[in-house]
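The lines below spell out each chain.
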Amino acid sequence: MILNKGIVIVVVIALGAWYSVKEKKEVSELKAKKPNVILIMTDDQGYGDLACLGNPILKTPNLDKLHSESVRLTNFHVSPFCTPSRAALMTGRYPGRTGAYRTSSGRTMLHTDEKTIANVFSENGYTTGMVGKWHLGDNAPHRPQDRGFQDVTWHRCGGVGQASDYWGNDYFDDTYERNGKFEKFEGYCTDVWFKEAIDFVDKNKEEPFLLYLATNAPHGPYIVGKEWSEPYKEKADWKWGPEFYGMISNFDYNLGVLRDKLADFGIAENTILVFMTDNGTAKGGSFKGLDSEALKGYNAGMRGKKSSVYEGGHHVPFFIYWPAGGLQGGKDVDALTAHIDVLPTLADLCEIPISDSHNPDGISFKPILNNSDTTKKREHLIVQFQGGPYFDGSPKAWEHTCIMKDNWRLINGTELYDIQKDPSQRKDISSSNPKKVEDLRKLYPSFWKSVSPRMTPVSIDLGNSDENPIILCSQDWYLPKGNPPWNFNSIKKLPSVTGPWMVNVKEAGLYRITLRQLPKEVDQVIEAVRAKIQIAGNEQEIVVDPGSKGAVFELELPIGKTELITYLYTKEGKMGGAYFTEVEAL
């Protein structure tokens, strides 16, 4: 009897071990079948800034090769500006809904209840990495590592060298942030981003990964080695044209290096490779204002550039290549698609579920990638640049809008264009098509009603253990209109302006708040004789001693959301804010 029990126990243990090995093997095989994803997005490169899309000056051999091998979405749209496109890409939701719908003034951060593509993929077994430009918040809980990305190397703010970026960065041998710590790198910024991307792929090539590679190039300032810009010196004869094209040429070279490495690693076949851009061109030509056709250069025959709601501001390239999934062969798909569709599509391709609570505005375009004629497609799309290019005031219904359906474009609710017959949008045909205008206008109210309530302040954490102390920058002052000081050229002039940071005190207790006009790294004496702060119903003022490099306050703060406003006064009575303010929970 005892022997029989022993036999039963041995058999059960053996079976259990066998099933455990079998389960591990099945999980391993399942992971092995899952494709990797590399999502590449350049900054300020328009539809016409590629040779394969008709540019007669620019040379982009590696982009051309990818174009020839990919499925191309020829009617793909983003937002006309940087942060909104990134918010939509990361969440699959309209930018206004996410809270991140402008590039500064405290409106660059996602509401904390928003889930990103990194959350979706990491929760389903993927290793997630982000390299390059984020521009969805520089402080906890809004950094890429706070939003689902497990391995990050990135620069702060909207461009290398802008105010909240590391002091002294100039594209060469810069200091960037790696997983919460600043680190010095060697080389040109785009070269660094691709090297970091390749290192991430190499480290994670045995298991499925999602890599978001977002270059700051070719965004200004337009700096690149002469070996890249010189070939365009004569032909791109508008301001910054040679440098802009040189930055794209450098990107193109690095794309080729990355693709060679994917082949060397043996993962090119089962990696979904996406290339897209974040808005229309910035310097791919000279323009009259924001809404004209290109006076010089090439804009693929479209009207408008970056910041415009005309076609050239938001119609951008989108290539997707995945040999193992049949997405190859150089095929055009002309269905209306958008940045909000990318997250649902990539999740669909990777057979990853999206929770009901995520509630994306986008839809998966997976079905149309193989059969664009019989599959249900997106019926319409609304693009709105809330607040407009100059942020003249709070977002308003109908302002800076484009409603797209089929070949129609309704601009600002009044101008109508047939993009098929009039791709340059030269002739407003609204007066001869009142019924079409009426039908398109009916699509907007429900959009505005659902999006506008979410355009509310997003707070930065104080006393968050993930980032303590925290450095606040004036670019995040929440102003009613206009932009706060967001670059060092303006900050060095000590502008007479201040504004509130929207903050969330995570832990009640004693805090030290240090006011500065330039970053701590500059080690500069502040030009002030008095300093004042207002926060959580408290107001404190101190005398600034001569030679001080910061005005220091210590006070008890209650838990909860509030505003922090800083003031520095010169001996002449001039007032400005502390453009850099350090807050530490003690």
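Here goes a summary of the coordinates provided.

Calculation criteria
Residues numbered from 1 in each chain as written. Predicted model: local features only at pLDDT ≥ 70, side-chain atom pairs only at ≥ 80, totals over all residues. Heavy atoms only, no water. Helix = DSSP H or I, 4+ residues; strand = E, 2+ residues; numbered from the N terminus. Rg over C-alpha atoms; globule rule 2.2 N^0.38 Å. Buried < 20%, exposed > 50% of the residue type's maximum accessible area, 1.4 Å probe, protein only. Contact = heavy atoms within 4.5 Å. Areas by Shrake-Rupley, 256 points an atom, 1.4 Å probe, with all protein chains shown as cover. Lys, Arg positive; Asp, Glu negative; His and termini not counted. Charge placed at Lys NZ, Arg CZ, Asp CG, Glu CD. Pairing = 2+ DSSP bridges. Axes fitted to C-alpha atoms, helices over the stretch in contact; angles between N-to-C directions. Polar contact = N/O pair within 3.5 Å; in protein donor to acceptor, adjacent residues only side chain to side chain.

What to know about the overall build of the protein
Logical step 1: When its secondary structure is counted, the protein shows 14 helices and 28 strands.
Logical step 2: For 586 residues, the compact-globule formula gives about 25 Å, and the C-alpha radius of gyration of the protein, at 26 Å, lands near that figure.
Logical step 3: A principal-axis box enclosing the C-alpha atoms of the protein has dimensions of 90 × 85 × 50 Å.
Logical step 4: Taking all 586 residues of the protein together, the buried fraction comes to 58%.
Logical step 5: Sequence-distant contacts in the protein: of pairs separated by 6 or more residues, those separated by 24 or more amount to 68%.
Logical step 6: Total accessible area on the protein is roughly 24000 Å²; 52% of this is exposed by carbon and sulfur atoms.
Logical step 7: Distance between charge centroids for the protein: 3 Å, based on 68 positive and 75 negative side chains.

Brief notes about the sheet that holds strand 16 (residues 401–405)
Logical step 1: Pairing is antiparallel across the open sheet formed by 4 strands, whose spatial order is 15-16-17-18. Edge positions in the open sheet fall to strand 15 (381–384) and strand 18 (415–418), since each of these has one partner strand only. Pairwise comparison of adjacent strand axes, ignoring direction, gives a mean angle of 15° for this sheet.
Logical step 2: Pairing of strand 15 with strand 16 involves 4 bridges; the strand directions are antiparallel. Note on strand 16: the bridge partner recorded for L381 is M404.
Logical step 3: Together, strand 16, strand 17 (408–411) and strand 18 form the strand contacts of helix 12 (residues 434–441), whose direction differs from that of strand 17 by roughly 75°.

Things to note about the environment of E177
Logical step 1: As for its position among the elements, E177 is in strand 6 (residues 175–178).
Logical step 2: Each C-alpha atom, one on E177 and one on K571, is 37 Å from the other, the two residues being 394 residues apart in sequence.
Logical step 3: Reaching out from E177, the side chain makes a polar contact with the side chain of Q145 at a distance of 3.1 Å.
Logical step 4: There is a polar contact of 3.0 Å between the side chain of E177 and the side chain of R156.

A short note on the pairing of strand 4 (residues 127–133)
Logical step 1: Among the 7 residues in strand 4, 6 count as buried, and that is most of the element.
Logical step 2: By the bridge criterion, 6 bridges tie strand 4 to strand 8 (residues 209–214) in an arrangement that is parallel. Among the inter-strand pairings, T127 is bridged to a residue of strand 8, identified as F209.

Overview of helix 3 (residues 82–91)
Logical step 1: In terms of burial, helix 3 is largely enclosed, as 10 of its 10 residues are buried.
Logical step 2: All buried positions along helix 3 are accounted for by C82, T83, P84, S85, R86, A87, A88, L89, M90 and T91.
Logical step 3: At the exit of helix 3 stands G92, carrying a positive phi of roughly 75°.

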